[in-house]
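Each chain, written out:
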Number of protein chains: 2
Amino acid sequence: MNWSEFGALLDGATRILLVTHVKPDGDAIGSLVALTNMLRARGKAPIPVVDGGMPEFLKFVPGSEQVVGQVPALDYEVMVSLDASDEERTGEAGKEGRGRAWKVVNIDHHPTNTGFGEMQLVDAAAVSTTEVLWNGFTALGWAIPEAVAVPLLVGLVTDTIGFRTSNVTPHTLRVASALAEAGAPLYDIFQKTLISMPFSTVQMWRSALETAELKDRVISATLTLDGLRKAGLSQASDAGGLIGFLISVNEARVAAVFKEVTAGSVEISLRSKPGYDVSGVAFELGGGGHKQASGATVAGTMEEVQQRVLPMLRRIARRKSSAS
Amino acid sequence: MNWSEFGALLDGATRILLVTHVKPDGDAIGSLVALTNMLRARGKAPIPVVDGGMPEFLKFVPGSEQVVGQVPALDYEVMVSLDASDEERTGEAGKEGRGRAWKVVNIDHHPTNTGFGEMQLVDAAAVSTTEVLWNGFTALGWAIPEAVAVPLLVGLVTDTIGFRTSNVTPHTLRVASALAEAGAPLYDIFQKTLISMPFSTVQMWRSALETAELKDRVISATLTLDGLRKAGLSQASDAGGLIGFLISVNEARVAAVFKEVTAGSVEISLRSKPGYDVSGVAFELGGGGHKQASGATVAGTMEEVQQRVLPMLRRIARRKSSAS
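Structural notes, computed from the coordinates.

Rules used throughout
- Residues numbered from 1 in each chain as written.
- Chains lettered and ligands numbered in written order.
- Predicted model: local features only at pLDDT ≥ 70, side-chain atom pairs only at ≥ 80, totals over all residues.
- Heavy atoms only, no water.
- Buried < 20%, exposed > 50% of the residue type's maximum accessible area, 1.4 Å probe, protein only.
- Helix = DSSP H or I, 4+ residues; strand = E, 2+ residues; numbered from the N terminus.
- Contact = heavy atoms within 4.5 Å.
- Buried area = accessible area lost by both parts, 1.4 Å probe.
- Salt bridge = Lys/Arg side-chain N within 4 Å of Asp/Glu carboxyl O.
- Nonpolar A, V, L, I, M, F, W, Y, C, P; charged D, E, K, R; others polar.
- Pairing = 2+ DSSP bridges.
- Axes fitted to C-alpha atoms, helices over the stretch in contact; angles between N-to-C directions.
- Parallel < 35°, antiparallel > 145°, perpendicular 65-115°, else oblique.
- Left-handed = near helix turned anticlockwise from the far one by under 90°.

## Brief notes about helix α7 (residues 186-195) of chain B
Every buried residue of α7 of chain B is accounted for by Leu186, Ile189, Phe190, Gln191, Thr193 and Ile195 of chain B. Buried residues belonging to α7 of chain B abut α6 (170-181) of chain A together with α5 (146-159) of chain B.

## Side note on the interface of chain B and chain A
On the side of chain A, 38 residues touch chain B, which itself brings 38 residues to the contact. Regarding the contact of chain B and chain A, the summed buried area is about 3,700 Å², with carbon and sulfur atoms giving 67% of it. On the chain B side of the interface with chain A, the three residues burying the most area are Arg164, Tyr187 and Phe199 of chain B, jointly 20% of the side's total. At the boundary of chain B and chain A, one finds 2 salt bridges. Its salt-bridge partner being Glu181 of chain A, residue Arg174 of chain B comes within 3.0 Å of it at the nearest N-O pair. Secondary structure elements with two or more residues in the side of chain B that touches chain A: α6 (170-181), α7, α8 (199-209) and β6 (213-215) of chain B. For the side of chain B that touches chain A, the residue count by class is 23 nonpolar, 8 polar and 7 charged.

## Topic: the sheet that holds strand β9 (residues 265-272) of chain B
Residues and elements named next belong to chain B. Ordered by their spatial adjacency, 6 strands build an open sheet running β6-β7-β8-β9-β11-β10, and the pairing between neighbours is mixed. Looking at which strands have only one partner, the edges of the open sheet turn out to be β6 and β10 (288-289). As defined by bridge partners, β6 adjoins strand β7 (residues 218-223) across 3 bridges and the pair is classed as antiparallel. Following the sheet pairing, Leu214 is matched in β7 by Ile219.

## Considerations on the packing of helix α8 (residues 199-209) of chain A against α8 of chain B
In contact at an axis separation of 9 Å, α8 of chain A and α8 of chain B are set at 125 degrees when each is read in the N-to-C sense. Taken as axis vectors, α8 of chain A and α8 of chain B run oblique relative to one another. Between α8 of chain A and α8 of chain B lies a crossing whose hand is left-handed. Contacts from Val202, Trp205, Arg206 and Leu209 of chain A in α8 of chain A reach Val202, Trp205, Arg206 and Leu209 of chain B in α8 of chain B. Residues of the contact of α8 of chain A with α8 of chain B, tallied by class, amount to 6 nonpolar, no polar and 2 charged.

Given below as structure tokens:
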């Protein structure tokens, strides 16, 4: 990992574009805003872009008000892509940016990262892209002010679901401690990202748990457009919390939430216990992710999609994979 | 805090009795077993006692097989009480031990500790009694082997509900990192203490969420004997997780779970957001607890109990209490 080259490139640049993946989560926004705030502290004026602008639930992150919804029509010396495993995932912002930037830097922690761009800073051992950034900033000797510590901890806490994933190491906890020491409010971040939810989420869980089924070590739940409408919801929120709940069932090795997005399209979230790898299934379905957490969006009716995907998951749940 | 005196006392003793509080939780067993294993590593043969013996769900803690259910009829040079805020809380084991021990050492982290015993090592700033022990062992220069690190981390993780309580500090995270470095398996401990649940819990949640209601800032859910039977359950488990879920709803200030225990008796669990105090209601109903978490068991049918209790809760939810 060549952080000194990265440091020199950014320190020498003026027009810097920062992008992340579409449907940004805590680590996407965390890494995007952390790098924005760090570069500002170093006298730069980077432009962070997310398709559609800042998601409401992460607007508490200081510095996130700088995020814009579209790439300004300029030339850029460098575009940094954060937390995106491939170019497609960076959406319109990435597409527009690739046409306007001389150089693309790819910073990520997904093991499935395709290695795009002119410079890759990808560390699959890191729990979050913000952990990758922390390692890099520290290697460069860049001190971490509070405005950078907060978004870094947001990424760390959300991608590990509060230190609960199997990839958390003593190093992760040391980084969290250092970020809290630098002023990032751990309790507050827990409350705002993992613990608070609207009442509609309870109604969504109710609708989903009515369908919960455990068969051959695969636990699954279904969110249909009809079920969501009956619960008074236009759209499902927080499928992440729900699937985390399902995979914590002792008898389950694999968990799946099937969410009807339109009449002919189903979004699938997958989780697995250590030793059971769901990333292959997600890939086969045109999606992506990690061994223990992945997902895909598949064309077809709910029934068609489940008839296709559930047998794939049961095969995975049958025995421990040798690789993991 | 005089740890060197504690070290000298224990190093000079031969017959050592260790006790904790009744209905032991992760921090009670964690601190009891951690001190047991540490003293064994120092060539001692302490006797750890818990009324009724080891609780099933914590038997995975290495060294917990040494815990016995009754105080052997010997004389003891010293009895150490761990994680108990008063003498009463140490149950039969403590009562028997006080009659047989020459000296009592009181190690705890509860701010309500009564200061009993001949030596007090009480630190109300610590998140768990295992954090108090870690600080002490470190002050004494006693190296922490894996067999001690595991129970110490069990106490730390369970008492903070996985680092989620407001008293977690950068120091807590540093201790957790050091314990993980020493071989304590964080992921495993999460799985075995906070995350794992039987599939029947999902069915219990399904039954409860069907009844979930939000009115006047009070969110409530009901578990009837009939509903539990339909879910294939003889008894409700994990009402704690359920009420934690309900109080995380943004629109709610107070959460209540009403659980039918027998045809004429209802167990009520209460939670509130900071600034809203449910301990008074619990007290009025003959129960007890803290401002933000309390409970009671009330005689009457489900309907009678709810008609009595819900208006009390709505009054609490109406405005912030001045005291909290």
